[in-house]
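Observations on chain architecture
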Amino acid sequence: MDKFVTRSKRPARCPGQAGLSRKTREGAVEGRQQAYGGEQETKVAQGEDGSRLPEEFSQPIPWRKIEAEGLDCDYGLLFKTEEATELFNELEKEVEYFTADQAKVQVFGRSYSVPRKQATYGDEGLVYSFSGVRLLARPWTPTLENIRDAVTKATGHTFNFVLINRYKDGLDHIGEHCDEERELDPACPIASVSLGAARDFLFRHRRSRGGASGKDGPPPVKLELAHGSLLLMNAPTNTHWYHSLPVRKRCHAPRINLTFRRILRKL
């Protein structure tokens, strides 16, 4: 029997974003240190790509393992509610979303507007291609750098690119897909940070898709991604499983999702 872990405590749905003053920004990494035990002495280690990284990766946040056949994910709360809300508000000010043709995808030769807003940020010169579009990374903003560094500190992986999806409410969604673009580093997991309304996230195995021919696969795995949470999709998850964010008509609050990736510069 396939085994997987889900949360034992349901987070509050659709947390509000208004009413908090802007605190002096010392960085998301420092804020998370205060949330999970105060300041610690920082040692320096070498990351997998040769960069210098803080050496506090073993269990900086309480991780929960999510496993099934070919599915390997880790889930935890990276930011406390107040900090996550302030990060959401900062991103609302900083992020510039694509418009016109860059806000569309190509499916079987036809162009469709995506049911959400999208943006890409990262290191200079990086380009991400999917569904018939090529998106050039804008330079990192201060808030995106802070969140990226917090993710690196929690996981031990470095990231040079982030795809941002903004869902205005439960009608905005993303269909089933897997992230197997050739420019992605297969040795690096995809780190998904959720800010704003809690939304269901659905995994479906390749063999479970379609009609009668898809009934021999394992059952779907559904998670509720909380405000301030981090989902780490490790290999070989994207080889065997599709994932989606389905429509949820009862949710009326916005959500911002940031998927941090490492893109290979030479293919």
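Look up: the structure comes first, before these words.
Notes on the structure in this doc start here. Please read all numbers here as calculations on a predicted model, not as lab measurements.

Before going further, it helps to examine the sheet that holds strand β10 (residues 161-167). Sheet strands line up and pair through hydrogen bonds in the backbone, either parallel or antiparallel. Read across the open sheet, the 7 strands follow the order β3-β4-β15-β12-β17-β10-β7; overall the sheet is antiparallel. One side of each edge strand has no neighbouring strand; the edge strands of this open sheet are β3 (64-68) and β7 (117-122). Taking each pair of neighbouring strands and ignoring which way they run, the sheet shows an average axis angle of 20 degrees. As paired elements, β7 and β10 share 6 bridges and run antiparallel to each other. Directly across from A119, in β10, lies its bridge partner I164. Packing against the sheet, helix α3 (residues 142-155) makes contact with β7, β10, β12 (190-196), β15 (229-233) and β17 (255-261), and its axis sits at approximately 60 degrees to β17.

So, on to the pattern of salt bridges. In total, this model carries 13 salt bridges according to the counting rule given. One salt bridge connects K65 with D74, and the closest N-O pair in it is separated by 3.0 Å. By relative accessible area, which is 30% here, K65 ends up partly exposed. What makes D74 buried here is its relative accessible area of 13%. As a salt-bridge pair, E90 and K93 come within 3.4 Å of each other at their nearest N and O atoms. Highlighted residues: E90 and K93, both in helix α2 (residues 81-94), separated by 3 residues, approximately one helical turn. Residue classification places E90 among the buried positions, given a relative accessible area of 10%. With relative accessibility at 57%, the residue K93 sits in the exposed group. Connected through salt bridges with shared partners, the residues K65, D72 and D74 form a single ionic network.

Here we take up the sheet that holds strand β16 (residues 241-245). Taken together, the 4 strands give an open sheet; going across it, the order is β11-β16-β13-β14, and neighbouring strands pair in antiparallel fashion. Edge positions in the open sheet fall to β11 (174-177) and β14 (221-225), since each of these has one partner strand only. Geometrically, the sheet is characterised by an average inter-axis angle of 15 degrees between neighbouring strands, direction not taken into account. The sheet contact formed by strand β13 (residues 199-205) and β16 spans 4 bridges and is antiparallel. Note on β16: the bridge partner recorded for R204 is Y242.

Right, let's talk about the packing of α2 against α3 for a bit. Direction vectors running N to C along α2 and α3 enclose 140 degrees, while the axes themselves pass 9 Å from each other. The angle between α2 and α3 falls in the class oblique. From α2, L87, E90, L91 and E94 reach across to α3, where they touch P142, T143, L144 and I147. Of the residues that constitute the contact of α2 with α3, the class distribution is 5 nonpolar, 1 polar and 2 charged.

What counts, and at which threshold
Residues numbered from 1 in each chain as written. Predicted model: local features only at pLDDT ≥ 70, side-chain atom pairs only at ≥ 80, totals over all residues. Heavy atoms only, no water. Pairing = 2+ DSSP bridges. Helix = DSSP H or I, 4+ residues; strand = E, 2+ residues; numbered from the N terminus. Axes fitted to C-alpha atoms, helices over the stretch in contact; angles between N-to-C directions. Contact = heavy atoms within 4.5 Å. Salt bridge = Lys/Arg side-chain N within 4 Å of Asp/Glu carboxyl O. Buried < 20%, exposed > 50% of the residue type's maximum accessible area, 1.4 Å probe, protein only. Parallel < 35°, antiparallel > 145°, perpendicular 65-115°, else oblique. Nonpolar A, V, L, I, M, F, W, Y, C, P; charged D, E, K, R; others polar.

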